[in-house]
Amino acid sequence: MTRAVVFDVDGVLVHGYHSRPDEHERWDAELAKLGINADRFQREFIFDIFVKRVLIGEVPMIEALDRRLKAFGYKGSSMAVHDLWLSFDCNPNTVLLDTIRQLRQHPDVRLYLGTNQDHTRAQYLWHVIGLKTIFEDMFYSARFGRTKYDKKFFAMAEERMAGTDEPPLFFDDTQKVLDVAAKAGWDTVHVTQDTDVTTHPWIAARL
């Protein structure tokens, strides 16, 4: 018997962005050093362009930055802003990742990632942060052309999981996403702290 265990990235495996505003590490001051108003960046880039188009793979991240940053009065390199984005939102949760490495040793466990990411950040997480050393595959929104708020995301992910015998076990920090996954037949766990993962009965039995 094998089972797919799927983890969200941001707010679970990586610190920085979090679905709860009080847990989100803002980088307003760093944007201000570049002459970019953080509130306007959040409103006119994140919510308008990134979420609607970049996150589902319609527009590459750098192209989107090139198009919009000039309107903010920014005359520097879009690559610099992108590097800032990655450096502030990619702090690995090393304690939990070490625990998942232990879980990886069990032959009945198949480890995957299920996350909303654009293509460039997904590659950064996979190769630079090194998530490829732990997980078999990364299912992400730009790859599927839809976010985790779409039930089809989970159907597409399940199609790519190799021979499992039980419903996928999914850990995420956003309840609305978990509700969609549950409707797709997945077992879900709302993560607010690491122990929500480590004390789950199916996981704890294998640690």
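Predicted model only: the values in this text are computed from it and were never measured.

Rules and cut-offs
Residues numbered from 1 in each chain as written. Predicted model: local features only at pLDDT ≥ 70, side-chain atom pairs only at ≥ 80, totals over all residues. Heavy atoms only, no water. Axes fitted to C-alpha atoms, helices over the stretch in contact; angles between N-to-C directions. Helix = DSSP H or I, 4+ residues; strand = E, 2+ residues; numbered from the N terminus. Left-handed = near helix turned anticlockwise from the far one by under 90°. Contact = heavy atoms within 4.5 Å. Nonpolar A, V, L, I, M, F, W, Y, C, P; charged D, E, K, R; others polar. Parallel < 35°, antiparallel > 145°, perpendicular 65-115°, else oblique. Expected span 1.5 Å × (residues − 1). Bend = angle between axes of the 7 residues up to and from the residue. Buried < 20%, exposed > 50% of the residue type's maximum accessible area, 1.4 Å probe, protein only. Polar contact = N/O pair within 3.5 Å; in protein donor to acceptor, adjacent residues only side chain to side chain. Core = buried A, V, L, I, M, F, W, Y, C linked by side-chain atoms within 4.5 Å. Arc of directions from axis to C-beta. Phe/Tyr/Trp six-rings, centres within 6.5 Å; stacked < 30°, edge-to-face > 60°. Lys NZ or Arg CZ within 6 Å of the ring centre and 35° of its normal.

Visitor: Explanation requested: the packing of helix H2 (residues 38-54) against helix H3 (residues 61-69) in the structure shown.
Guide: Packed helices, taken two at a time, are described by their axes: the angle between them and the distance between them. Interhelical geometry of H2 versus H3 gives an angle of 145 degrees and a closest axis separation of 11 Å. Here the hand of the crossing between H2 and H3 comes out right-handed. Contacts between H2 and H3 involve Phe 41, Glu 44, Phe 45, Asp 48, Ile 49, Phe 50, Arg 53 and Val 54 on the former and, on the latter, Met 61, Ala 64, Leu 65, Arg 67, Arg 68 and Leu 69. Grouping the amino acids of the contact of H2 with H3 by side-chain chemistry returns nine nonpolar, no polar and five charged.

Visitor: Quick question: what am I supposed to make of the packing of H3 against helix H4 (residues 78-88) here?
Guide: Where H3 meets H4, the axes come as close as 9 Å, and the angle between the chain directions of the two elements is 120 degrees. Judged on the interaxial angle alone, H4 and H3 are oblique. Where H3 crosses over H4, the two elements pack in a sense that is right-handed. Along the contact surface, H3 presents Met 61, Ile 62, Leu 65, Asp 66 and Leu 69, while H4 presents Ser 78, Met 79, Val 81, His 82 and Trp 85. Split into classes, the residues belonging to the contact of H3 with H4 amount to seven nonpolar, two polar and one charged.

Visitor: Is there a simple way to explain H2 in this structure?
Guide: Between its first and last C-alpha, H2 extends only 19 Å over 17 residues, short of the 24 Å set by a 1.5 Å rise per residue. Bending of H2 peaks at approximately 40 degrees at the position of Ile 46. Among all positions in H2, only Ala 38, Phe 41, Phe 45, Ile 46, Ile 49, Phe 50 and Val 54 are buried. Close packing links the buried residues of H2 with helix H1 (28-33), H3, H4 and helix H7 (141-144). With a side-chain oxygen positioned 3.1 Å from the backbone nitrogen of Asp 39, the residue opening H2 is Asn 37.

Visitor: What should I look at first to understand the nonpolar core in this one?
Guide: It is characteristic of soluble globular proteins that their nonpolar side chains tend to be buried jointly. Ranked by size, the top nonpolar core spans 30 residues in total, and within it Phe 7, Leu 13, Leu 111, Leu 113, Phe 135 and Phe 171 carry the most contacts. Those elements giving two or more residues to this core turn out to be strand S1 (3-7), helix H5 (94-103), strand S4 (109-115), helix H6 (119-128), strand S5 (137-140), strand S6 (169-172) and helix H11 (201-204). Element by element, the count of residues in this core is highest for H5, at four residues. For Leu 13, the contacting residues outside a window of four places in its chain are Phe 7, Asp 8, Asn 91, Pro 92, Asn 93, Leu 96, Leu 97, Ile 100, Leu 113 and Phe 135. Ile 36, Ile 49, Leu 55 and Phe 72 belong to the second-largest nonpolar core, a separate cluster that totals 22 residues.

Visitor: Sorry, what's going on with H6 here?
Guide: Count 3.6 residues to each turn of an α-helix, and residues three or four apart come out pointing the same way. Turning to H6, its buried residues are Arg 121, Ala 122, Leu 125 and Trp 126. Down the axis, H6 shows its buried residues gathered within 135 degrees of arc, on one side only. Residues of H6 that are buried make contact with strand S2 (14-15), H4, S4 and S5. Directly after H6, the chain includes Gly 130, whose backbone phi takes a positive value near 90 degrees.

Visitor: Help me understand the packing of aromatic side chains, please; the structure alone is not making it clear to me.
Guide: Two aromatic rings, taken as a pair, are described by how far apart their centres are and by the angle between their planes. Scanning the model with the defined rule gives 14 aromatic pairs in all. Aromatic side chains Phe 170 and Trp 186 sit 5.6 Å apart centroid to centroid with 90 degrees between the ring planes, which places their arrangement in the edge-to-face category. Taken together, the residues span a long stretch of sequence, with Phe 170 in strand S6 and Trp 186 in the loop between helix H9 (175-183) and strand S7 (187-190) at a distance of 16 residues. The residues Phe 170 and Trp 186 share a single accessibility class, namely buried. One Lys or Arg, Arg 206, reaches over the ring of Trp 202 and ends 3.7 Å from the middle of that ring.

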